[in-house]
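Now for the letters of each chain:
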Amino acid sequence: MRIVLRIGFGLLIMTTMLALAAGLVGRLLPPSDTLLLKLPGKFSPGIYLLDVGHRLLYPVDDRETVAYALDPADHDWAAYADNPGGNWDVYRLNLFTGESHRLTDSPGYDGQAAWSADGQWLALLSDRGGRTNIFGIAVNGGLAKELSRGLDLKSDLAWSPDGKRIIFGTRDSNGTVNLYVTGTACLTENRRCPDNVRQLTSSGRGDYLPAWSPDGHWIAFLSDRGGHTDVYIVDTTCLDTTAGCIQQNARQLTHGVRATQALSWSRDGQTLRFVAEFTNHPVLYSIPFDCDLHPGGCVLQTLFTTTG
């Protein structure tokens, strides 16, 4: 387990022992969904790996500002960006052993990495071309290829389960953040990049943190279009139609929860998890993805909280 050395020596020993013990216990237990959480200073600030099924929490980094992305094919590994030499690059880190490898080495900024479902590719933001755009690279090496062009403020990259598309957020001329989708065929085929960029949402406010369902049929995302940041869901079938997705009405699953992070799907694709802070401390909740179609509506189930 990676323990940052800026904590006190006594606390370092105790935290390291607890992390190793928790890691050993976690490996002896049946496989479970895992996700990364950012916990604020009122708890013990930093990035943590949460074993959702067994409610085990492993410390990863005591810096709240560092963004980590789990390798979907092997949850022992994560990608993150850091600038130890003054230049931002993307690294691959084993969360349990601390083994680390630098994956990019460009003179500008590389960061906000996202994994393909098979763990073989990374999408990332880079200004290596003079303007920040999305690039795709193979984890085992090779040239990066530009996957977006001419759109501002790319963020929140996420691959489709089949690896053929990447969804991302971008800001329009009015300052609104909408979601767009670009193809990735040029990474493995002799095709033009960017490939078939299409707009998915148009809310008039802001849409963030998209997450594909395991079957690729749905995209969940956070949006403040209703005044608070809530969970919404859209059908991806529109991406393959001539009309596209602009006129599609997103389904709203929560109301006024102030969702903030960790939006993800369960392995079976039946539930969504997200962190909300409307109770003044971060709580991980889950809801069935079709709960808005039930007579009782969307009832939040608490999966994890930092308070008693």
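Placed above this text is the structure.
Below you will find a few notes about this structure. (Residues numbered from 1 in each chain as written. Predicted model: local features only at pLDDT ≥ 70, side-chain atom pairs only at ≥ 80, totals over all residues. Heavy atoms only, no water.)

## Considering the side chain of Asp-207
Inspection of the secondary structure puts Asp-207 in strand 16 (residues 207-212). Since its relative accessible area comes to 0%, Asp-207 is described here as buried. A distance of 2.6 Å separates a polar atom in the side chain of Asp-207 from a polar atom in the side chain of Ser-223. Among residues more than four places away in sequence, those in contact with Asp-207 are Val-177, Asn-178, Leu-179, Thr-201, Ser-202, Phe-221, Leu-222, Ser-223 and Arg-225. (Helix = DSSP H or I, 4+ residues; strand = E, 2+ residues; numbered from the N terminus. Buried < 20%, exposed > 50% of the residue type's maximum accessible area, 1.4 Å probe, protein only. Polar contact = N/O pair within 3.5 Å; in protein donor to acceptor, adjacent residues only side chain to side chain. Contact = heavy atoms within 4.5 Å.)

## Focus on the pairing of strand 21 (residues 271-276)
Burial runs high along strand 21: five of the six residues are buried. Relative to strand 21, strand 20 (residues 259-265) runs antiparallel, the two sharing four bridges. Bridging from a neighbouring strand, Ser-264 pairs with Arg-273 of strand 21. Linking strand 20 to strand 21, which pair antiparallel, is a turn of five residues; within it Gly-269 sits at a positive phi near 75 degrees. When strand 21 meets strand 22 (residues 283-288), the two strands line up antiparallel, connected through six bridges. Each bridged residue has a counterpart across the sheet, and for Thr-271 the counterpart in strand 22 is Pro-288. (Pairing = 2+ DSSP bridges.)

## Some remarks on the nonpolar core
Grouped together as the largest cluster of nonpolar side chains are 19 residues, with contacts concentrated most on Val-231, Leu-253, Leu-263, Trp-265, Leu-272 and Phe-274. Of all the secondary-structure elements, those providing two or more residues to this core are strand 17 (218-223), strand 18 (230-235), strand 20, strand 21 and strand 22. Those residues in contact with Leu-263, other than ones at most four positions away along the chain, are Leu-209, Ala-211, Ala-220, Phe-221, Leu-222, Val-231, Leu-272, Arg-273 and Phe-274. Membership of the second largest hydrophobic core comes to 15 residues, among which are Tyr-58, Val-60, Tyr-80 and Phe-96. (Core = buried A, V, L, I, M, F, W, Y, C linked by side-chain atoms within 4.5 Å.)

## Notes on the sheet that holds strand 5 (residues 77-82)
Two orientations exist for strands paired in a sheet by backbone hydrogen bonds: parallel and antiparallel. In space, the four strands of this open sheet follow the order 4-5-6-7, with antiparallel pairing throughout. Both edges of this open sheet fall to strand 4 (68-70) and strand 7 (100-102), since each of them pairs with a single strand only. Pairs of neighbouring strands in the sheet enclose a mean axial angle of 25 degrees, with direction left out of account. Looking at chain direction, strand 5 and strand 6 (residues 89-94) are connected through six bridges and run antiparallel. Directly across from Ala-81, in strand 6, lies its bridge partner Val-90. (Axes fitted to C-alpha atoms, helices over the stretch in contact; angles between N-to-C directions.)

## What to know about the sheet that holds strand 3 (residues 56-61)
Reading across the sheet, the three strands line up as 1-2-3 and stay open at both edges, with antiparallel pairing between neighbours. The strands lining the two open edges of the sheet, one partner per strand, are strand 1 (34-39) and strand 3. Looking at each pair of strands side by side, their axes are set apart by 30 degrees on average, direction ignored. Pairing of strand 1 with strand 2 (residues 46-51), which is carried by six bridges, proceeds in the antiparallel orientation. When the bridges of strand 2 are listed, Lys-38 appears paired with Ile-47.

## A few points about the state of the cysteines
Tallied over the entire structure, the rule returns two disulfides. Each sulfur in the disulfide pair Cys-238 and Cys-245 lies 2.0 Å from the other. Given an S-S torsion of about 100 degrees, the disulfide between Cys-238 and Cys-245 has right-handed geometry. When its relative accessible area of 10% is taken as the criterion, Cys-238 is described as buried. Shown here is the disulfide that connects Cys-291 with Cys-298, its sulfur atoms set 2.0 Å apart. Sign of the S-S torsion, about 85 degrees for the bond between Cys-291 and Cys-298, identifies this disulfide as right-handed. (Disulfide = S-S within 2.5 Å.)

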